[in-house]
Structure formats: structure tokens, C-alpha cells
Amino acid sequence: MSNLEKRPVTLTVNGHNHELRVEPRKLLADALREDCRLTGTHVGCEHGVCGACTVLVDGKPVRSCLTYAIQMEGHEVSTIESVAVNSTLSPLQQALHEEHGLQCGFCTPGIVMTFEAFLKNKPDPSDEEIRDALSGNLCRCTGYQNIVKAIQKAAEQMRRNPDYVAP
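Residues numbered from 1 in each chain as written. Predicted model: local features only at pLDDT ≥ 70, side-chain atom pairs only at ≥ 80, totals over all residues. Heavy atoms only, no water.

Caption draft 1: Spotlight on the pairing of strand β2 (residues 16–22). Relative to β2, strand β1 (residues 7–13) runs antiparallel, the two sharing 7 bridges. For Thr10, the partnering residue across the bridge sits in β2 and is Glu19. What sits between the antiparallel neighbours β1 and β2 is a turn of 2 residues, in which Asn14 has the positive phi angle 55°. (Pairing = 2+ DSSP bridges. Helix = DSSP H or I, 4+ residues; strand = E, 2+ residues; numbered from the N terminus.)

Caption draft 2: View of the nonpolar core. With 24 residues, the main nonpolar core has Leu92, Phe115, Leu119 and Ile151 as its most contacted residues. Secondary structure elements with two or more residues in this core: α2 (91–98), α3 (108–121), α4 (127–134) and α5 (145–160). Those residues in contact with Phe115 that lie beyond four places of it in its chain are Leu92, Ile130, Ala133, Leu134 and Ile151. (Core = buried A, V, L, I, M, F, W, Y, C linked by side-chain atoms within 4.5 Å. Buried < 20%, exposed > 50% of the residue type's maximum accessible area, 1.4 Å probe, protein only. Contact = heavy atoms within 4.5 Å.)

Caption draft 3: Spatial organisation of the packing of aromatic side chains. Per the counting criterion, the structure on display carries 1 aromatic pair. Ring geometry for Phe115 and Phe118: centres 5.2 Å apart, planes at 70°, overall edge-to-face. Highlighted residues: Phe115 and Phe118, both in helix α3, separated by 3 residues, approximately one helical turn. Taking the relative accessible area as the measure of exposure, Phe115 reaches 0% and is therefore buried. (Phe/Tyr/Trp six-rings, centres within 6.5 Å; stacked < 30°, edge-to-face > 60°.)

Caption draft 4: Spatial organisation of the state of the cysteines. Taken as a whole and assessed by the stated rule, the structure comprises 0 disulfides. Of the cysteine sulfurs around Cys50, a residue in no disulfide, the closest is that of Cys45, at 3.8 Å. The exposure class assigned to Cys50 is buried, which follows from its relative accessible area of 13%. (Disulfide = S-S within 2.5 Å.)

Put into C-alpha cells, the structure is as follows:
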């Protein structure tokens, strides 16, 4: 069998199964964008440095530009498309909007996915903990201050509304 021969894989993305045939070397980011037509996951550096391609795999942040699609068989992948429910922004998305924590928006999906998982596990983070977690997401437009403010605001809102369930 040639290494380039396409192989079947079932990707479970945002609760839906996608039956695909992919080359073993196809990256998850490319499968999401090209095969699943979920273009919210952005590809920036293609080296796992910028964080723009971050998705959740079984609830944990993963760089989809470094992960092969075929590795995701049997795992639950969540993308930015899963965060807003019925066109209602999540507390984090709403706080980023209100606190001007985004500009061009290219890095925003990766930041949102990183912090949806982070806030689930760390509901009352310090600014230092937020900045440490944010260090894996590069933004060329902002100075990060408003992003940190937005994450703190979202954390507070999520603590007051424990019924909110992150993806």
C-alpha cells in the first residue's frame, strides 16, 4: 500500500461524524477546513507556534496544524464553530467583544478554544495564570491587555453562571 493512498477515517467534530478518505499525512487543520468545510480554524505559522489552529481534542487544546487527521479516529474534536449556541456567543466570546479583545480576528478562534478549556479547569485564574496560558497564542494586532481583561470578565461571568458548559 502506498503511503499516499487515501484511508478511511471517521472524524467526530462538534458532535457530528464525518466519514472521510484522507492521505495519512493530511493534517487535521486541512481536513477540518477542506473536507468538513469548517473554516473557523485558522492556519498561521504551520509550526505549532502561533496557536491560531487550536482546537479541542477530548476537551484539551491541540494544535491542528501538527496533528494528523487519521490520528483522530475515536476522539471528539471541537472547533470554534461549536462555541456559540444558537447564534448566542459564549461568555468568553461576548467578553472579547465587549472588552475589545480582538481586532482582525485571525488569532481569535485559537484563543477562544484555548481559554474555553482553560476556564473550565481554572475558573478563577490570576492575571499571571492567564498570561502564561495566553503565551501559546500569538496576536499581531493587540497588546494582549484587553484579551486578559476579557478572559477575567468571562471567568467571572462563568463563575456566576455555573450552568454554562464549555465545548
